[in-house]
Amino acid sequence: MSRQDIQIDRKIMLGNEAIARGAYEAGVKVSAAYPGTPSTEISEHIALYDEIYAEWSPNEKVATEVAIGASISGVRAMASMKHVGVNVASDPLYTVSYSGVGGGLVLVAADDPGLYSSQNEQDTRCVARAALVPVLEPSDSQEAKDFVKFAYELSEKYDTPVIVRTTTRLAHSQGAVTLEPREEVPVKEYNRNPSKYVMMPANAIGRHVYVEQRMEAMALDGSSFAVNRAEYKDLSIGFITSGIPYQYVKEACPDASVLKLGMVHPLPRKLIEEFASKVDRLYIFEELEPVIEEQVKSWGIQTEGKALFTRQGEYSANLLREKILHENIEGKAPAKVPARPPILCPGCPHRSVFSVLNKLGVHAAGDIGCYTLGAVAPLNVIDTTICMGASISTLHGMEKARGKEYIKNWVAVIGDSTFLHTGVNSLMNMAYNQATGTVIILDNSTTGMTGHQDHAATGKTLKGDIVPAINLAGLCRAMGIAHVIEVDAFDLKELEKAIKEETAREAVSVIITKSPCVLLKGNVFPYKCRPVADACKKCGMCLKPGCPALTKKPDGAIAIDDTMCNGCGLCEQLCKFGAIERVKA
């Protein structure tokens, strides 16, 4: 029996929760993912269903391969990730497009128009088009659930993996969802078939022909799919749209005719040509890249799209009003509120590490995580951030380009989860190619930025099982790295000593700074930091790390917000005059 209550017929759900529900109702047996906003909650909700095996994999490539293996064995499987995770998963994705599936196989890709939590705005539809994989795009929570179920039907009917594309707005908005019982899909019998599943050249040539035929068949059949529908009203204006932008069209232009595409690749040409022939003026309203527009124009259909609407950021009803209805929306939009830039939390161990790097004038090649905030004032130590795991490889490239002396005042910084994601290979490369750089693994015992998910070094699975934890120091030593130092992230003297020694060393070295994330559930903070007013020299040293619990009074003295302070002791250590004391809370 599932721990999830399935007696309710209708429920308000996040888009991500609805996707998880769709997997449950579709009879999915295996789910694998790596946490990444805005996709993370999908797996967290899937884990509530006892009928589905769910795991956090070390990265998206592994997650996709786990799902592929489950599919080949004959069961329905899912892999979930954010859009940049699709890049990591692209190697198996491009090939499983050729090999096809056993049980249904769905990859959920969460794009991030507007860059709410990402390093780029890439459009997964472009990847899918290159990989020859069909894409469904829901526009609300109900469709999120229903389209997942339909994706498994398509997958098994056409022998293909299917991508369900979602976005931040859909993933994190709520809507009413009708709940249905789980379909217990029979496990398909496995029959050995190397010509289908072994993608060496001779086999892949034949499968490529099949894939092209499959996509043509889906494009033809798509005109009759229920997920693609024409809504005819005022024929003087028509929109082709999909996903969340459909909601904006309905809000801003409720009387317009709309062709709502649920399958955005391959496109149902016959249905599109029929719709275009009936409206006087045609617009294509799609976020990010002109994927639909370019193909429709290639068919000789006259339409307007990206020349009118932007390729950047998230769309809105106001964008339509401004561009199509030419309404003056000034005063109708809510007043702008002051910007609130993200900051490291009070008591964050990253702040302590970055304070020492800042003091020593050391540059850092950065990575993806909360610690990327070390790039901004007042810490100002992160110089580069490319993608998951790139900090270590970037440092290595600098050394090989400019020599050992050039990187004496550089380090690579990477979180524990990110190190296991793709940092391991990069460190292996440093060891193999005789580098001399220093890598700092910021071990805060969790995947912090996406909401404190476990990973292979925390000793706990997505399902809550207690398992042996990967020993990061032991893993580094197993690569042949002789100099691996573990240090408390808040021990400033030892940390400074380690950074000075290891950056000067003529060999690759690793410093593991250990202190749990302050927001981890169950953390107890027995201390508070309090100012000693008479001793304060108003020098401002304690303010340099930018802890939000500390502020300066009008007279220059320091105030500490007792409700924010976690008693980490960083400010106390920085004060040379004993003007801050650490006391029992």
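Remember, it's a predicted structure, so these values are computed and weren't measured experimentally. (Residues numbered from 1 in each chain as written. Predicted model: local features only at pLDDT ≥ 70, side-chain atom pairs only at ≥ 80, totals over all residues. Heavy atoms only, no water.)

### Side note on the overall build of the protein
Broken down by element type, the protein carries 19 helices and 23 strands. Here the C-alpha atoms of the protein give a radius of gyration of 27 Å, agreeing with the 25 Å that 2.2 N^0.38 yields for 585 residues. Principal axes of the C-alpha set define a box for the protein whose edges measure 80 × 65 × 55 Å. Of all 585 residues assigned to the protein, the portion counted as buried reaches 55%. The long-range share in the protein, meaning contacts at least 24 apart out of those at least 6 apart in sequence, stands at 74%. With the model as given, the accessible surface of the protein reaches about 25000 Å², and the carbon-plus-sulfur share is 54%. Side-chain charges of the protein comprise 62 positive and 69 negative groups, with the mean position of each set lying 4 Å from the other. (Helix = DSSP H or I, 4+ residues; strand = E, 2+ residues; numbered from the N terminus. Rg over C-alpha atoms; globule rule 2.2 N^0.38 Å. Buried < 20%, exposed > 50% of the residue type's maximum accessible area, 1.4 Å probe, protein only. Contact = heavy atoms within 4.5 Å. Areas by Shrake-Rupley, 256 points an atom, 1.4 Å probe, with all protein chains shown as cover. Lys, Arg positive; Asp, Glu negative; His and termini not counted. Charge placed at Lys NZ, Arg CZ, Asp CG, Glu CD.)

### Some words on the pairing of strand 3 (residues 53-56)
Residues in a regular strand point their side chains to alternate faces of the sheet. When strand 2 (residues 30-33) meets strand 3, the two strands line up parallel, connected through 4 bridges. Residue pairing for strand 3: alanine 32 is matched across the bridge by glutamate 55. Crossover handedness for the path strand 2 to helix 2 (residues 40-46) to strand 3: right-handed. (Pairing = 2+ DSSP bridges. Right-handed = clockwise from strand over helix to strand, strands pointing away.)

### Concerning the packing of aromatic side chains
What the rule picks out here adds up to 8 aromatic pairs. Judged by centre distance (5.5 Å) and plane angle (80°), the rings of phenylalanine 150 and phenylalanine 225 are edge-to-face. With phenylalanine 150 in helix 6 (residues 141-158) and phenylalanine 225 in the loop between helix 9 (201-221) and strand 9 (229-231), this pair connects stretches of sequence that are 75 residues apart. Classification of phenylalanine 225 as buried rests on a relative accessible area of 9%. Joined through ring pairs, the aromatic side chains of Phe239, Tyr283, Phe285, Phe309 and Tyr315 make up one cluster. Stacked on the ring of tyrosine 246, the Lys or Arg lysine 260 has its end atom at 5.4 Å from the ring centre. Over the aromatic face of tyrosine 527 sits the side chain of arginine 582, whose NZ or CZ is 4.3 Å from the ring centroid. (Phe/Tyr/Trp six-rings, centres within 6.5 Å; stacked < 30°, edge-to-face > 60°. Lys NZ or Arg CZ within 6 Å of the ring centre and 35° of its normal.)

### Examining the sheet that holds strand 12 (residues 263-265)
In any sheet, the strands associate via hydrogen bonds between backbone groups, in a parallel or an antiparallel arrangement. Reading across from one edge, 3-2-4-5-7-6-12 is the order of the 7 strands in this open sheet, with mixed pairing throughout. Edge positions in the open sheet fall to strand 3 and strand 12, since each of these has one partner strand only. The strands touched by helix 3 (residues 60-73) within the sheet are strand 2, strand 3, strand 4 (77-82) and strand 5 (105-111), with strand 4 carrying the most contacts at an inclination of about 165°. (Axes fitted to C-alpha atoms, helices over the stretch in contact; angles between N-to-C directions.)

### Let's talk about the nonpolar core
The nonpolar side chains of a soluble globular protein tend to be buried, and buried together. By size, the foremost hydrophobic cluster in this structure holds 51 residues, and its most contacted members are Phe354, Leu357, Phe419 and Leu427. Among the elements that take part in this core, helix 16 (residues 416-432) stands out by supplying 6 residues, more than any other. Those residues within four positions of leucine 427 in sequence are excluded, and the remaining contacts are Ile392, Phe419, Val439, Cys476, Met479, Ile481, Val508 and Val510. Within the second largest apolar cluster, 38 residues are counted, among which are Val135, Leu259, Ile292 and Val296. (Core = buried A, V, L, I, M, F, W, Y, C linked by side-chain atoms within 4.5 Å.)

### Considering empty space enclosed by the protein
For the coordinates displayed, the defined rule picks out 6 cavities of 30 Å³ or more. Considered as a void within the structure, the largest cavity measures approximately 130 Å³ in volume. Around the largest cavity sit 19 residues that line it, and Cys547, Leu550, Cys568, Leu570 and Cys571 are the ones nearest its centre. Here the lining of the largest cavity takes 3 residues from helix 19 (residues 570-574), the largest share from any one element. Grouping the amino acids of the lining of the largest cavity by side-chain chemistry returns 13 nonpolar, 5 polar and 1 charged. (1 Å grid on protein atoms, 1.4 Å probe; cavity = no way out; pocket = protein on both sides within 12 Å on 5 of 7 lines; lining within 4 Å. Points joined across faces, edges and corners; volume = space filled by probe spheres on them. Nonpolar A, V, L, I, M, F, W, Y, C, P; charged D, E, K, R; others polar.)

### Examining the layout of surface pockets
Roughly 760 Å³ of volume is contained in the largest pocket. Every residue lining the largest pocket is counted, 28 residues in all, and those nearest its centre are Pro342, Gly369, Cys370, Leu373 and Met449. By residue class, the composition of the lining of the largest pocket is 16 nonpolar, 11 polar and 1 charged.

### Concerning the environment of threonine 438
Among the secondary structure elements, threonine 438 is positioned in strand 17 (residues 438-443). A residue is classified by how much of its surface remains accessible, and threonine 438, at 1% relative accessible area, is buried. Considered as a pair, threonine 438 and tyrosine 527 are 89 residues apart in the sequence and their alpha carbons are 33 Å apart. Filtering out sequence-adjacent residues up to four positions away, threonine 438 remains in contact with Leu395, Val411, Ala412, Glu502, Thr503, Ser509 and Ile511. Here serine 509 takes part through its side chain, which lies 3.1 Å from a polar atom of the side chain of threonine 438. (Polar contact = N/O pair within 3.5 Å; in protein donor to acceptor, adjacent residues only side chain to side chain.)

### Points about the environment of aspartate 50
The topology assignment puts aspartate 50 in the loop between helix 2 and strand 3. With relative accessibility at 38%, the residue aspartate 50 sits in the partly exposed group.

### Topic: the pairing of strand 4
Of all 6 residues that make up strand 4, 6 are buried, and the element is covered over most of its length. Residues of strand 4 alternate between two faces, with Ala77, Ala79 and Met81 on one and Met78, Ser80 and Lys82 on the opposite face, all of them buried. Where strand 2 and strand 4 come together, 4 bridges link them in parallel fashion. Directly across from valine 30, in strand 4, lies its bridge partner alanine 77. Strand direction decides the pairing type here: strand 4 and strand 5, joined by 6 bridges, are parallel. Across the sheet, the residue bridging to lysine 82 is alanine 110, located in strand 5. Note that the unit made of strand 4, helix 4 (residues 83-99) and strand 5 has a crossover that is right-handed.

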